[in-house]
Each structure stands twice: as C-alpha cells, then as structure tokens.
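Now for the letters of each chain:
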Amino acid sequence: MSVVSSITAAEAIDHVEQGDAVVVDARPQVVRHQGSVPGAVVVDPTEVATRLAPTPTGSFPLVSNRDTEIAVVSVRSQAPRIAEQIAGLGYTNVHYVDGGFPALRSTSGR
C-alpha cells in the first residue's frame, strides 16, 4: 500500500514558491544533464537513505522539519519508490512529481 501520492508540477511549483515545500531532485547524475531544478535538494537515488535519514540526535539533515512537504523528482519509474523510501525515514508529507523533470521544466515557463 502506497503511503505517498503524486503531485502535479504546477502544484509543486506553487507550493515551493509559497515556501510550503521542498523539491528533492533524486535523478541519477547521468540524467541531471537535462537541467537543474532551481532550489532543489539534489540527492543521488543511491544515497537517499543515508542523506535524508535522521541524525543520531533525531534531527533531519537536508530537510530540517519532518513535516515539510517534499516533492520528489526522479526518473518516472523510480519516483514513487524513492518518495516511499523518504516517507519511510519519517517524513510525513511526501509526494512525487507526476511527469518528473520534463513536467517541471515545461510548467516553470508558464
């Protein structure tokens, strides 16, 4: 059973602009040549568990509040799995961007 849901690129951009969300760019390095996501937290998909896990003191290192909305951008087939992995680390408001980076890129020019 999935604990995360999709979010549209437009919703993700709106939430980030309002200060309510953070984009986690979990695309593999070989795919990030397509372009960057301004302001995103960049994490290689193989390092999600180590880079986003709470520290021994219980704080969250890259996204400081576990209730912050996280919009995951990754390779389409990996995005739901990575979002669920992040939710499994204790983050409570995790989504994946439907359409991934291409959708964000086309929506950001609206």
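Residues numbered from 1 in each chain as written. Predicted model: local features only at pLDDT ≥ 70, side-chain atom pairs only at ≥ 80, totals over all residues. Heavy atoms only, no water.

The protein is annotated in an unreviewed UniProt entry as Rhodanese domain-containing protein of Gordonia aichiensis NBRC 108223.

### Let's talk about the sheet that holds strand E3 (residues 41-42)
Rule in force here: In this analysis, strands are considered paired if DSSP registers two or more bridges between them. Secondary structure elements follow DSSP: runs of H or I of four or more residues count as helices, runs of E of two or more count as strands, with numbering from the N terminus.
A sheet is described by the order of its strands in space; here five strands give the open sequence E1-E5-E4-E2-E3, paired in parallel fashion. Two strands bound the open sheet, and with one partner strand each, they are strand E1 (5-7) and E3.

### Section: the nonpolar core
Here is the rule we go by: Nonpolar cores are built from buried Ala, Val, Leu, Ile, Met, Phe, Trp, Tyr and Cys residues. Side-chain atoms within 4.5 Å join them into one set. Residue exposure (1.4 Å probe, protein chains only): buried if accessible area is under 20% of the type maximum, exposed if over 50%, otherwise partly exposed. Contact between two residues is taken to exist if any of their heavy atoms lie within 4.5 Å; hydrogens are not considered.
Core analysis: the biggest nonpolar cluster contains 17 residues, and Ile70, Ile86, Tyr91 and Val94 have the highest contact counts within it. Counting residues per element, the ones that place at least two in this core are helix H2 (48-52), strand E4 (69-73) and helix H3 (79-88). When residues of this core are assigned to their parent elements, the largest contribution, four residues, is made by H3. If we ignore the near neighbours within four places in the chain, the residues touching Val94 are Val4, Ser5, Ile70, Val72, Ala83, Ile86 and Ala87.

### A closer look at helix H4 (residues 100-108)
One turn of an α-helix holds 3.6 residues; hence residues three or four places apart share an orientation. What counts is decided by this rule: To be clear, the arc concerns the directions from the helix axis to the C-beta atoms.
Turning to H4, its buried residues are Gly100, Phe101, Ala103, Leu104 and Thr107. Viewed along the axis of H4, the buried residues span an arc of 160°, placing them on a single side of the element.

### A closer look at the environment of Ser108
Relative to the assigned elements, Ser108 resides in helix H4. By relative accessible area, Ser108 is classed as exposed at 52%. As a C-alpha pair, Ser108 and Ala9 span 99 residues in sequence and 8.3 Å in three-dimensional space.

### Thoughts on the pattern of salt bridges
What counts here: What counts as a salt bridge is simple: a side-chain nitrogen of Lys or Arg found within 4 Å of a carboxyl oxygen of Asp or Glu.
All chains considered together, the criterion is met by two salt bridges. The salt bridge involving Arg27 is made with Asp25; its shortest N-O contact spans 2.8 Å. Owing to a relative accessible area of 2%, Asp25 belongs among the buried residues under this scheme. Put simply, Arg51 and Glu47 hold a salt bridge, and the shortest N to O gap is 4.0 Å. Classification of Arg51 by relative accessible area gives partly exposed; the value is 32%.

### Focus: the packing of helix H1 (residues 9-17) against H4
Going by this rule: A fitted line through C-alpha atoms represents every axis, and for helices the fit uses only the stretch in contact; the resulting angles, taken between N-to-C directions, go from 0 to 180 degrees. An angle below 35 degrees is treated as roughly parallel, one above 145 as roughly antiparallel, one from 65 to 115 as roughly perpendicular, and anything else as oblique. Here a crossing is called left-handed whenever its near helix is offset anticlockwise from the far helix by less than a right angle, and right-handed whenever the offset is clockwise.
Orientation of H1 relative to H4, taken along the N-to-C sense of each, is 65°, at an axis distance of 8 Å. Accordingly, the angle class assigned to the pair H1 and H4 is roughly perpendicular. Pair H1 / H4 crosses with right-handed handedness. Across the interface between the two elements, Ala9, Ala10, Ala12 and Ile13 of H1 pack against Ala103, Leu104, Thr107 and Ser108 of H4.

### Considering the environment of Glu47
Within the secondary structure, Glu47 is located in the loop between E3 and H2. With a relative accessible area of 35%, Glu47 lands in the partly exposed category. Through-space distance from the C-alpha of Glu47 to that of Val3 is 20 Å; in sequence the pair is 44 residues apart.

### Section: the packing of aromatic side chains
In plain terms, the rule: Note on aromatic contacts: the rings of Phe and Tyr and the six-membered ring of Trp form a pair at centre separations within 6.5 Å, being stacked when their planes are under 30 degrees apart, edge-to-face when over 60 apart, and tilted otherwise. Here, a charge over a ring means that NZ of Lys or CZ of Arg falls within 6 Å of the ring centre while also lying within 35 degrees of the ring normal.
One pass over the structure, following the stated rule, counts one aromatic pair. The side chain of Arg27 reaches across the aromatic face of Phe101, ending 4.2 Å from its centre.

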